[in-house]
Amino acid sequence: MTANRVAQPGLVLRGLGVSPGVGIGSAVLLPWRGRLVFRRTLAPQEIETEVARFHAAVDVARKQLQALRQRMEQALGREHAYILDAQRLMLEDAGILGEIETLIRTSAINAEWAVKLVTDRILAIYAEIKDDYLRERGSDIEDVAHRLLTVLAGDRATCAFPEGAVLVGETLPPSLLGELDPQRVAGLVIGSGGWTSHAAILARGLGIPAVSGIHGALALIEDQALLLVDGTQGLVFVHPEPEVIRRYEAQQKERERRWHYVRDRAPLPTTTRDGVAITVRANIERLSELEEARRFGACGIGLLRTEFLFLQAAPAWPSEDEQWHAYRQVAEAAGPEGAVIRTVDWDENQMAALGSLRALRDEQLATAGIDDRTPWIPERNPALGLRAIRFSLRRPHVLKTQLRAIVRAAAFGNLRIVLPLITSVDEVHEVRRHLDAVCRELRAEGVQVPDRLPVGVMIETPAAVWLAEEFAAVADFLSLGTNDLIQYILAVDRDNDRVAHLYDPLHPAVLRAVHQVIRAAERAGLVLEVCGEMAAHPLHALVLLGLGARVLSMRPRAIPFIRDLIRQCELARMHDLAQRALAASSGAEVRQLLLRGLEAMRLEVFDDALLNGSAPPFLEPG
């Protein structure tokens, strides 16, 4: 959102909701944290003292980050604390530190100016990268530079904000967020950054409502202005009218009532009013969510995203035993319904950002006895590049290590494997060859191996939609990954606040693609599981059921709402609505059609926050 005037009472700013919930409080402006740095020319006898001062500042910054990481791990868990590892690695990077030291020596300049020169050079490189995830990691460079400059100046950073503060800034560094007391912060308003930014990830972990994409936020909002932050819909109300506050307070009470209601009904069967049983499973991306999945009545794990293991191990790679231990926990916790484990879905840019790609390359070159110092070149369009199964097949050592861990863990429960971003039958055959080889190796080692480990295909590209029947012939099950599928069909990056409004799961092209895949699975007699965000939204979930989906998988907190809605609906009537939706010409037409149909069926439609599928954090069962 952009504007050229200071916000007036009643103004509504629209951005991208990156952490759900509603918060009301006074604005605390956080201007760019960069320090005003001056160049000072050193006398020859001052150079060694300045180099020593620089290294002392690095040591202090490392200790600060280590202490902060420990606090974050205690408060949020290891899966969020890893965010600071990238900054710690920068303070241990011999290349970066060596370049700064060389500048101090050869140019006879003060440490502050050398830090600024090197930081500016690196940030210029990051700014040219198209990948949002990697480009946003430039905030880590800025954060480390600010920490070093603060230490060099002899200052100590502080995060003492008044209770009920709404923090407003163009960027909010992860180290600052890691030091926050979430009980004192009502919300975040961020000028830039998407769903994958570190600020967004930490805000969700802390349970702080956040809206990003409010470009020029510092110019639009005055300090101490009363703000209402709606992190679900991506709205920021500046000096909200009393009626707006009353409306949100009423909605909050309704959320509390509704949450208690659906939570108490969790033990009931998930069966439609006309007697059709629907399976609702959980998507998880960290082990701590296993308990949530059980608590909210998930029928097993529909998708385990394994990237957290690679994040935690960076810059090294997770060992076979580390992965086996995690997968065994999942297998045992999932029970007889079992779990689906997705092979790692990352691209080279993301791995390079954490140093993992260099570690893998060095290991392989050392094994081959090759000394190759050729610099790695970032991919310009990683979403269409070497990612997911393409990366795993290019790096068979990574794939085989993961497959060995999964096969070993399958002795402790019902596990299945799903392959991401598959676009050809040849890729499925190649993975099966690796899996067969792994099973033979493990049997030869005396390891218990299941007679058969089901392998499924993620349908998340237009190519996979058109080849759904061919994939059904070579796979044991199909999994519909709606997040990527919608982005590829509509050519929209939902993390880009400039085009996020075009990301529409109810677009007729999306519905027709989903319908085609469902029919292909039915003809082959295979189970189809829908495991994207689409399954977690009540309107979208109902149209999926009408199109023929019978297994939905979603984040744990959405499960109670979706299960309760399923119990209210009649599948036959949803089928009729879905058929009419397939004939529509726009997403808006589909949405109106569905809302009218739900009203005619007298289904209780949730408010917008519940449509997002998020439960009030403070009301979660203990």
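Not measured: the values here are computed from a predicted model. (Residues numbered from 1 in each chain as written. Predicted model: local features only at pLDDT ≥ 70, side-chain atom pairs only at ≥ 80, totals over all residues. Heavy atoms only, no water.)

## Points about helix 19 (residues 425–444)
Here is step 1: Along its 20 residues, helix 19 runs 29 Å from first to last C-alpha, staying within 8% of the 28 Å computed at 1.5 Å per residue.
Here is step 2: Buried positions along helix 19 lie against helix 17 (389–394), helix 18 (396–409), strand 12 (415–419), strand 13 (455–459) and helix 21 (468–474).
Here is step 3: Remark: Gly446 follows helix 19 within two positions and exhibits a positive phi of approximately 80°. (Helix = DSSP H or I, 4+ residues; strand = E, 2+ residues; numbered from the N terminus. Expected span 1.5 Å × (residues − 1). Contact = heavy atoms within 4.5 Å.)

## Structural notes on the environment of Ala473
Here is step 1: Tracing the chain through its elements places Ala473 in helix 21.
Here is step 2: For Ala473, a relative accessible area of 64% translates into the label exposed.
Here is step 3: Distance from Ala473 to Ala521, taken between C-alpha atoms, is 9.5 Å for residues 48 residues apart in sequence. (Buried < 20%, exposed > 50% of the residue type's maximum accessible area, 1.4 Å probe, protein only.)

## With respect to the confidence of the model for the protein
Here is step 1: Mean pLDDT over the protein: 82, with 80% of residues reaching 70 or higher.
Here is step 2: Counting contacts from residues 1–7, a segment whose pLDDT is below 50, to residues more than four positions away or on other chains yields 18 contacts.
Here is step 3: Overall, residues 607–622 carries pLDDT values under 50, and its contacts beyond four positions in sequence, including any with other chains, amount to 49 contacts. (pLDDT = per-residue confidence, 0-100.)

## Side note on the pattern of salt bridges
Here is step 1: One pass over the full model with this rule turns up 33 salt bridges.
Here is step 2: Among the salt bridges present, the one from Glu48 reaches Arg105, with a minimum N-O distance of 2.3 Å. On the criterion of sequence distance, the pair formed by Glu48 in helix 1 (residues 47–76) and Arg105 in helix 4 (residues 94–107) is long-range, its members being 57 residues apart.
Here is step 3: Taking the relative accessible area as the measure of exposure, Glu48 reaches 47% and is therefore partly exposed. (Salt bridge = Lys/Arg side-chain N within 4 Å of Asp/Glu carboxyl O.)

## Notes on the pairing of strand 1 (residues 11–14)
Here is step 1: A one-sided burial pattern is seen for strand 1, the buried positions being Leu11 and Leu13 and the unburied ones Val12 and Arg14.
Here is step 2: The pairing of strand 1 with strand 8 (residues 235–238) spans four bridges and is antiparallel. The residue of strand 8 that forms the bridge with Arg14 is Leu235. (Pairing = 2+ DSSP bridges.)

## Brief notes about the nonpolar core
Here is step 1: Core analysis: the biggest nonpolar cluster contains 113 residues, and Ile301, Leu478 and Leu552 have the highest contact counts within it.
Here is step 2: Ranked by residues supplied to this core, first place goes to helix 23 (residues 508–524) with eight residues.
Here is step 3: What Ile301 contacts, discounting residues up to four positions off in sequence, is Arg281, Ala282, Ile284, Leu290, Ala293, Val330, Ala334, Gly338, Ala339 and Val340.
Here is step 4: Within the second largest apolar cluster, 29 residues are counted, among which are Ala57, Ala61, Leu97 and Ile100. (Core = buried A, V, L, I, M, F, W, Y, C linked by side-chain atoms within 4.5 Å.)

## Remarks on helix 24 (residues 538–547)
Here is step 1: Burial within helix 24 is extensive, with 10 of its 10 residues counted as buried.
Here is step 2: Among the residues making up helix 24, those that are buried are Pro538, Leu539, His540, Ala541, Leu542, Val543, Leu544, Leu545, Gly546 and Leu547.
Here is step 3: Just past helix 24, the residue Gly548 takes up positive phi, approximately 120°.

## As for the packing of helix 14 (residues 320–334) against helix 18
Here is step 1: Relative orientation of the contacting elements helix 14 and helix 18 amounts to 40°, with a least axis distance of 8 Å. Comparing the axis directions of helix 14 and helix 18 gives the class oblique. Of the two possible hands of crossing, helix 14 and helix 18 adopt the one that is right-handed. Packed against helix 14, whose contacting residues are Glu320, Asp321, Gln323, Trp324, Tyr327, Arg328 and Ala331, the element helix 18 presents Thr401, Gln402, Arg404, Ala405, Ile406, Arg408 and Ala409 at the interface.
Here is step 2: A per-class count over the contact of helix 14 with helix 18 returns six nonpolar, three polar and five charged. (Axes fitted to C-alpha atoms, helices over the stretch in contact; angles between N-to-C directions. Parallel < 35°, antiparallel > 145°, perpendicular 65-115°, else oblique. Left-handed = near helix turned anticlockwise from the far one by under 90°. Nonpolar A, V, L, I, M, F, W, Y, C, P; charged D, E, K, R; others polar.)

## Focus: the packing of aromatic side chains
Aromatic ring pairs: the centre-centre distance and the angle between the two ring planes describe each pair.
Here is step 1: Considering all chains together, one arrives at four aromatic pairs under this definition.
Here is step 2: Judged by centre distance (6.1 Å) and plane angle (65°), the ring pair of Trp324 and Phe412 falls under edge-to-face. Here Trp324 is found in helix 14, whereas its partner Phe412 is found in the loop between helix 18 and strand 12, with 88 residues between them in sequence.
Here is step 3: Grouped by ring-pair contacts, the aromatic residues Phe310, Trp317 and Phe391 constitute a single cluster.
Here is step 4: The ring of Phe412 carries the charged tip of Arg328 above its face, separated from the ring centre by 3.8 Å.
Here is step 5: The residue whose ring lies beneath Arg416 is Phe477, and the NZ or CZ to ring-centre distance is 4.4 Å. (Phe/Tyr/Trp six-rings, centres within 6.5 Å; stacked < 30°, edge-to-face > 60°. Lys NZ or Arg CZ within 6 Å of the ring centre and 35° of its normal.)

## A closer look at the sheet that holds strand 1
Here is step 1: Spatially, eight strands are ordered 1-8-7-3-4-5-6-2 in an open sheet, and the strand pairing comes out mixed. Where the open sheet ends on each side, the last strands, each with one partner, are strand 1 and strand 2 (16–19). Here the average twist between neighbouring strands, direction ignored, is 30°.
Here is step 2: Relative to strand 5 (residues 185–190), strand 4 (residues 165–169) is paired through five bridges, and the arrangement is parallel. Pairing of Val168 across the sheet is with Val189, part of strand 5.

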